[in-house]
Amino acid sequence: MTETSGAPTVGAAIRLARQAAGVTLRDLASTVGVSAGTMSAIENDKVGVSIARLSQIASALGTETAHLVMQPPSVPSAGTPPSLDRPRPWRASSTIRLDNVTAAAVTVFHEAGYHGATMRAIAATAQLSVAGVYHHHRSKHSILVSVYDLLLDELQARVAAAAEDGATPHDRVVNVVEAMSTFREQHPELARVADSELRSLDEPESGRIAARCRGVYDTLCVHADEALNTTDGAPLSADEFSAAVLRLAGVSWLIPPEIRGGSTLPVTLAEAVLRR
């Protein structure tokens, strides 16, 4: 869809209606039955949207299709910097909803380590019987897998939103690193479990979670490669740079194993590049 300069768009109308309804991009995408990336592309007018799909979106947001098509919100005037008014949802407080058993397991994993944790200890922390824990989760391993999936669901959505919010390759990398750092600060106990227990995952879930981690890493790496190609001076490896900034953000568990041990780029140098 081509956007006419200065004219409001359907994508902008959808985005503001979603924000007004307090619905996340990921939740709207799930309700409508598309990926978060597709919904983001719709909101940014990068792809067209059919009337049938628009009707689904309107219904999910509790509004009318005609409102999205005929009454989109006005855009800032040419003299108003949009960055002053545009919300930054990827910087907002992150809430990961854990059921009682998973929350208890995270506490036990953090205190005793995954291999030192028992279902009995998890049950005691959750104030349930062991049978009650098994009613919610079939095994200790399934709880650990669910922790990584919850973390990655939130991280993928925030990283995608942060990258889209950047006007330049450098801005996109800075935003992504900020989103990751903020996320880790908001969920310290979950982050510490993620840092230490990746090797505790068994196949086939180990490979699946590794692929999801790689997806987040690749998102950063693509933008890092673009940013480094626009940076004066000797070229840096996008892989080494990405690994260093993930360490800087405190999410080194996202670094692929084949890169994790090979990166020699100091975190201080990565930080200096981010500040340029």
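Our structure's up above, just so we're on the same page.
For the structure given in this document, a descriptive report is provided here.

Cut-offs and rules
- In this convention, every chain numbers its residues from 1, walking through the sequence in written order.
- Totals for whole chains, interfaces and linings use every residue, but because this is a predicted model, local features are given only for residues with pLDDT of at least 70 and side-chain atom pairs only at 80 or more, for both listing and counting.
- Hydrogen atoms and water are omitted, and side-chain values are computed over all heavy atoms in the structure.
- Type-normalised accessible area, obtained with a 1.4 Å probe on protein chains alone, sets the label of each residue: buried when under 20%, exposed when over 50%, and partly exposed for intermediate values.
- Helix numbers and strand numbers start at the N terminus; a helix is a DSSP run of H or I with at least 4 residues, a strand a run of E with at least 2.
- The directions considered for the arc run from the helix axis to the C-beta atoms.
- Only heavy atoms matter for contacts: two residues are in contact if any of them lie within 4.5 Å across the pair.
- A pair of aromatic rings is counted whenever rings of Phe, Tyr or Trp (Trp by its six-membered ring) have centres within 6.5 Å, and the orientation is called stacked for planes under 30 degrees apart, edge-to-face for over 60 and tilted otherwise.
- Our definition puts a charge over a ring when NZ of Lys or CZ of Arg is within 6 Å of the ring centre and also within 35 degrees of the ring normal.
- Here, a salt bridge means any Lys or Arg side-chain nitrogen found within 4 Å of an Asp or Glu carboxyl oxygen.
- Take the buried Ala, Val, Leu, Ile, Met, Phe, Trp, Tyr and Cys residues and link them wherever side-chain atoms come within 4.5 Å; each set so joined is a nonpolar core.

## A closer look at helix H11 (residues 188-197)
Along H11, the residues classified as buried are Leu 190, Ala 191, Val 193, Ala 194 and Glu 197. An end-on view of H11 places all buried positions within 160 degrees of arc, on one side of the element. Buried residues along H11 sit in contact with helix H6 (100-112), helix H9 (140-164) and helix H10 (169-186).

## Thoughts on unusual backbone geometry
Backbone phi values are negative for most residues with the exception of glycine, while trans is the configuration of most peptide bonds. Residues Glu 203 and Pro 204 are joined by a peptide bond in cis, for which omega reads 5 degrees. For Pro 204, the position within the fold is in the loop between H11 and helix H12 (205-229). At Gln 127, a position not held by glycine, the phi torsion is positive, near 60 degrees.

## Describing the packing of aromatic side chains
In total, this model carries 2 aromatic pairs according to the counting rule given. Consider the rings of Tyr 148 and Trp 253, whose centres lie 5.7 Å apart with planes at 70 degrees: the pair is edge-to-face. Of the two residues, Tyr 148 sits in helix H9 while Trp 253 sits in the loop between helix H13 (238-249) and helix H14 (257-260), which places them 105 residues apart along the sequence. By relative accessible area, Tyr 148 is classed as buried at 0%. Stacked on the ring of Tyr 114, the Lys or Arg Lys 140 has its end atom at 4.4 Å from the ring centre.

## Brief notes about the environment of His 187
Along the chain, His 187 falls in the loop between H10 and H11. Classification of His 187 as buried rests on a relative accessible area of 10%. A C-alpha to C-alpha distance of 9.3 Å links His 187 and Leu 151, two positions 36 residues apart in sequence.

## Description of the pattern of salt bridges
A full pass over the atoms with the stated rule returns 10 salt bridges. The salt bridge partner of Asp 218 is Arg 214, with a shortest N-O separation of 3.0 Å. Separated by 4 residues within a single helix, Asp 218 and Arg 214 lie in helix H12, roughly one turn from each other. What makes Asp 218 partly exposed here is its relative accessible area of 31%.

## Some thoughts on the environment of Trp 90
Locating Trp 90 in the fold gives a position in the loop between helix H5 (65-70) and H6. Each C-alpha atom, one on Trp 90 and one on Glu 154, is 9.8 Å from the other, the two residues being 64 residues apart in sequence. Filtering out sequence-adjacent residues up to four positions away, Trp 90 remains in contact with Arg 158, Ala 161, Ala 162, Asp 165, Asn 175, Glu 178 and Ala 179.

## As for the nonpolar core
Core analysis: the biggest nonpolar cluster contains 53 residues, and Phe 109, Ile 122, Leu 151, Met 180, Leu 246, Trp 253 and Leu 254 have the highest contact counts within it. Of all elements in the fold, only H6, helix H7 (119-126), H9, H10, H11, H12 and H13 reach the threshold of two or more residues within this core. Per-element accounting of this core gives the leading share, 10 residues, to H9. Ignoring sequence-local partners within four residues, the contact set of Met 180 consists of Leu 155, Val 159, Val 216, Leu 246, Ala 249, Val 251 and Leu 254. Counting 16 residues, the second-largest nonpolar core is a separate cluster that includes Val 10, Leu 25, Ala 29 and Ala 58.

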